Amino acid sequence: MRKFLILFSAWLVLSSFGDKQGSDVSNIETNAISQLINDMTNTNAIEDNTLLAKGVKHAANLWRESDGTEAQFEAFCKKNYITDPVEREMVFQKVSRNIEIITGHFNKITLDLLEPVHLNIFEQHPIDNAFGAYSVGSHWMNDFYQNKIAFMIALNFPAYSLEEKEANAKDWSRKEWAYARLGDYFTARVPSELLQAAGAASAGSDVYIMDYNIHVGHLTDKKGNRFFPEDKVLLSHWNLRDEIKANYANKNGGLEKQKIIYQVMQRIISQEIPEKVINNGGFEWDPYANQVYQNGKAIDATPEPNERYQQILNNFHANKAIDPYYPDQNTFIKRQYDGAKEISAEATEKIFTDFLRSEETVKVGKLIKKRLGRKLQPFDIWYDGFKARSGMDESKLDAQTRGLYPNAAALEADLPNLLVKLGYDKERAQWLGDHIAVDPARGSGHAWGGAAKGQKAHLRTRISPKGMDYKGYNIAIHEFGHNVEQTISLYDVDNFTMNGVPNTAFTEALAFIFQKRDMLLLDINDDSPQKDALKKLDLFWSAYEIMGVSVLDIRVWKWLYANPEADAAQLSDATMQIAKEVWNEFYSPVYGVKDQTILAIYSHMLNSPLYLSNYAFGNVIEFQLEQHLKGKTFPTEVDRIFKQGRLTPNQWMVEATGNDLSAQPLLKAAKEALEELK
Ligand SMILES: [Zn+2]
């Protein structure tokens, strides 16, 4: 998750605040809305009443009895609708300035309060966490309904659906885009108890998956063999998957370990896993025969009662209850895709399935088979053998980075030089460097952007007393990429409401583009053979896996909406059925086996439903940008592209590269890599 942690705060705020009042539906009748639009059109002699109608409907949807009677709503609209374009622009500038002030200061307060939690220069006390968890910015949107500012915005700068944004994308001026982005602030007014219920469902799933450990030291087969050290415990699914990955390098029994973990995963998915062995090392378990032993004797054990699927259902019911409050994004699928990612679920499926059907999957699969010297197994979706052995000795790299960066201040001072190495001229490099602060982090680090001009982006990185080792440096360069994006897309974007990137996958793309150039920044020409080609295939293979998982996630949620009364057992059957269908369509041609359920193992499906596509889009965007950057001046293009701010993802990509958002560059890269390795 680390990869996508950052830059989310603004959008979470946009979509997650509701109404304190008990009466939670609009008290404005449809007839009254039409009548009001007619009245206002006539009195104001407006030729084109589209915008007016849109604004009145939008404001009516947000209005509640507690805000006033129908007559008061009508009076409010008549008084506050702005017909003069000059006045409209003036009001836009004022609102935009004030939202920057509000969200910017909240961001600063949060950042400062969290310093004792995040930075290793503070002595720690539990009270730091209490302050760190305090959400200072959580009420302003509610307050703006009370003081009616939200209605002034909704009435004059109404929200557009994703379809409308895409239809207008090419024709809108920057000003029209900026107005539309202001419309995105107040899109729905969801009762707070429903938001709390959705939060509780998600938190419940978090607890469930965070406690789902398998004591693999107690796994056994029918001959009584052990496979792991007795005290080894792995969290599902992340640690289980990573154990499969790690064993590609293990020539002594690695395959047997992978096989038994795969067997465990299948029992988790089918919920045949004995309840007793979850989070419990008191028993021996043979996942092949699904037999539990206590003190060497076989005992009866009941399977886990579909709790996994109950968790998904809990999230479904809690989020479905919110649907009626969104006139446009009236399903959780739409809110996650049209809303959060601004790529529809349909467009996502199209991009991913085009990729999944490509002949490159078969070709890369054959290469892996050859490298492994055996037939592919379903768990080879996590094949980890494309990691290029760097020509560099890592201890030498450690010595170099420790020498360069003994502390955070040394890295901060060096940021402009790093940008010069990427091709920036001195002045611009200095300016960007001046807007990024480096802080010594407790954890592995992160990038935290400013939220108003005047604020710096923060690069939080872990530096040991001996100085920064190479691994830390590599991650710091990733975060530096985020910081550069954050700075350009805050300071250089023409309107504050347009600041940022289309969605979280776009900032990841630039972070990875920077990270990939880490050797260049150390003045090392790392020409280890085949490094690039292997790296491309590694990313290709992980995209192949994650796109399938994402498609499964979407199809399960579509099934839920088609079968809203389903119980956990029915959802379990459906999920396994859909997982097999996705497998049979996109993986069985490569693997030569049918009906595998493995794609359903991801824990994200429980606690972050419909989030997984972000990872796949990260790969897609990175390759599309890299292909575009080839042979061009890096700084000119990066500045130009990230100055665009928050267009819709597809329009952003069209203006960045001349092409629609597409996985073709990723396929092309794989093709080239296959050629190179021949
Ligand atoms: Zn990142």
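Residues numbered from 1 in each chain as written. Predicted model: local features only at pLDDT ≥ 70, side-chain atom pairs only at ≥ 80, totals over all residues. Heavy atoms only, no water.

(A) Fine view of the side chain of Ser344. Counting through the fold element by element, Ser344 comes out in the loop between helix H15 (332–341) and helix H16 (345–356). Ser344 gets classed as buried once you look at its relative accessible area, which sits at 18%. At a separation of 3.0 Å, a polar atom in the side chain of Ser344 contacts the main-chain amide nitrogen of Ala347. In this structure, Ser344 is in contact with Leu162, Tyr337 and Asp338, ignoring residues within four places of it in sequence. (Helix = DSSP H or I, 4+ residues; strand = E, 2+ residues; numbered from the N terminus. Buried < 20%, exposed > 50% of the residue type's maximum accessible area, 1.4 Å probe, protein only. Polar contact = N/O pair within 3.5 Å; in protein donor to acceptor, adjacent residues only side chain to side chain. Contact = heavy atoms within 4.5 Å.)

(B) Local environment of the nonpolar core. Residues Phe186, Phe355 and Tyr587 are the most contacted members of the largest nonpolar core, which totals 192 residues. At 18 residues, helix H24 (residues 531–562) tops the list of elements feeding residues into this core. With residues near it in sequence (within four places) discarded, Tyr587 still touches Leu356, Ile381, Tyr544, Glu545, Gly548, Val549, Val582 and Leu599. If you look at the next biggest cluster of nonpolar residues, it comprises 10 residues, including Val190, Ala318, Tyr325 and Tyr326. (Core = buried A, V, L, I, M, F, W, Y, C linked by side-chain atoms within 4.5 Å.)

(C) Seen up close, the environment of Ala509. Along the polypeptide, Ala509 turns up in helix H22 (residues 504–516). When neighbours within four sequence positions are excluded, Ala509 is seen to be in contact with Gly618, Ile621, Glu622 and Leu625.

(D) Structural view of the pairing of strand E8 (residues 436–440). The buried fraction of E8 is high, at five of five residues. Side chains of E8 alternate between two faces, with Ile436, Val438 and Pro440 and Ala437 and Asp439 buried alike. Bridge analysis of E8 against strand E10 (residues 457–461) gives five bridges, and the strand direction is parallel. Its bridge partner being in E10, Ile436 is matched across the sheet by Ala457. (Pairing = 2+ DSSP bridges.)

(E) The coordination of the zinc ion, seen in detail. Protein-derived ligands of the zinc ion are His478 (NE2), His482 (NE2), Glu508 (OE) and Glu508 (OE), with the metal-ligand distances lying across 2.1 to 2.7 Å. Classification of the site at the zinc ion as irregular follows from its four donor atoms and the range of 50 to 143 degrees in their angles at the metal. Of note, the zinc ion draws all its donor residues from one chain, in the sequence arrangement H-x3-H-x25-E. You can see His478 and its partner His482 sitting in helix H21 (residues 470–491), four residues apart, about one turn around the helix. (Donors = N, O, S within 2.8 Å, 3.2 Å for Na, K, Ca; no water. Tetrahedral: all angles 85-135°; square planar, octahedral: opposite > 155°, others 65-115°.)

(F) Structural detail: the sheet that holds E10. Pairing within the open sheet is mixed, and its three strands lie in the order E8-E10-E9. Edge positions in the sheet fall to E8 and strand E9 (445–448), since each has one partner strand and no second. Each strand axis lies, on average, 15 degrees off the axis of its neighbour in the sheet, ignoring direction. Here E9 pairs with E10 via four bridges, running antiparallel. What sits directly across from Ala447, in E10, is Leu459. The sheet contacts of H21 involve E8, E9 and E10, and relative to E10 the element is tilted by about 170 degrees. (Axes fitted to C-alpha atoms, helices over the stretch in contact; angles between N-to-C directions.)

(G) Structural view of helix H5 (residues 85–118). Compared with the 50 Å implied by 1.5 Å per residue over 34 residues, the 46 Å span of H5 between its first and last C-alpha is a close match. The largest bend along H5 measures about 25 degrees and falls at Asp112, with the proline Pro116 one to four residues further on. Every buried residue of H5 is accounted for by Arg88, Phe92, Val95, Ser96, Ile99, Glu100, Thr103, Gly104, Asn107, Leu111, Leu114 and Pro116. (Expected span 1.5 Å × (residues − 1). Bend = angle between axes of the 7 residues up to and from the residue.)

(H) Broad picture of unusual backbone geometry. The peptide bond linking Ser236 to His237 adopts the cis configuration, its omega dihedral lying at -5 degrees. Within the fold, His237 resides in the loop between strand E4 (234–235) and helix H12 (238–246). Even without glycine at this site, Asn295 takes up a positive phi of about 50 degrees. Within the secondary structure, Asn295 sits in the loop between strand E6 (291–294) and strand E7 (297–299).

(I) Up close: the environment of Val549. Here Val549 lies in helix H24. In this structure Val549 comes out as buried when scored by relative accessible area, which is 0%. The sequence separation of Val549 and Ala600 amounts to 51 residues, and the corresponding C-alpha distance is 7.0 Å. Among residues more than four places away in sequence, those in contact with Val549 are Tyr587, Leu599, Tyr602 and Leu612.

(J) Seen up close, the packing of aromatic side chains. Throughout the structure, instances matching the rule amount to 38 aromatic pairs. A centroid spacing of 5.0 Å and a plane angle of 70 degrees characterise the contact between Trp63 and Phe73, whose relative ring orientation is edge-to-face. Of this pair, Trp63 sits in the loop between helix H3 (50–62) and helix H4 (70–80) while Phe73 sits in helix H4; the two residues are 10 residues apart in sequence, bridging distant segments of the chain. For the pair shown, Trp63 and Phe73 are each scored as buried. Relative to Phe386, the ring of Tyr383 lies with its centre 5.1 Å away and its plane at 85 degrees, an arrangement referred to as edge-to-face. Given a relative accessible area of 7%, Tyr383 falls into the buried group. The aromatic ring of Tyr337 is capped on one face by Lys341, whose charged end is 4.5 Å from the ring centroid. Positioned above the aromatic ring of Phe623 is the side chain of Lys516, whose terminal nitrogen or guanidinium carbon lies 5.6 Å from the ring centre. (Phe/Tyr/Trp six-rings, centres within 6.5 Å; stacked < 30°, edge-to-face > 60°. Lys NZ or Arg CZ within 6 Å of the ring centre and 35° of its normal.)

(K) The arrangement of the sheet that holds strand E5 (residues 284–286) in detail. Strand order in the open sheet formed by three strands is E5-E6-E7, and the pairing between neighbours is antiparallel. Whereas interior strands pair on both sides, the edge strands pair on one side only; in this sheet they are E5 and E7. In this sheet, neighbouring strand axes are inclined to one another by 40 degrees on average, regardless of whether the strands run parallel or antiparallel.

(L) Here's a closer look at the domain arrangement of the chain. Looking at the chain, the domain boundaries give domain 1 (2–190), domain 2 (208–309), domain 3 (325–386 + 530–677) and domain 4 (394–521). One C-alpha centre belongs to domain 1, the other to domain 4; they are set 32 Å apart. Between domain 1 and domain 4, a total of about 3000 Å² is buried, with carbon and sulfur atoms accounting for 59% of that surface. Viewed at the interface, domain 4 and domain 1 are joined by two salt bridges. The partner of Arg174 in a salt bridge is Asp494, and the shortest N-O contact between them spans 2.8 Å. (Domains from an automatic or database assignment. Buried area = accessible area lost by both parts, 1.4 Å probe. Salt bridge = Lys/Arg side-chain N within 4 Å of Asp/Glu carboxyl O.)

(M) Molecular detail of the environment of Asp527. Checked against the element boundaries, Asp527 lands in the loop between helix H23 (518–521) and H24. Along the sequence, Asp527 and Met392 sit 135 residues apart, while their C-alpha atoms lie 9.4 Å from each other.

(N) Summary view of the side chain of Glu545. Secondary-structure assignment places Glu545 in helix H24. Arg241 provides the closest opposite charge to the buried, salt-bridge-free Glu545, at an N-O distance of 5.4 Å. Of note is the side chain of Glu545, whose polar atom sits 2.7 Å from the side chain of Trp382. In contact with Glu545, other than residues within four places in its own chain, are Ile381, Trp382, Tyr587, Leu599 and Tyr602. (Lys, Arg positive; Asp, Glu negative; His and termini not counted.)

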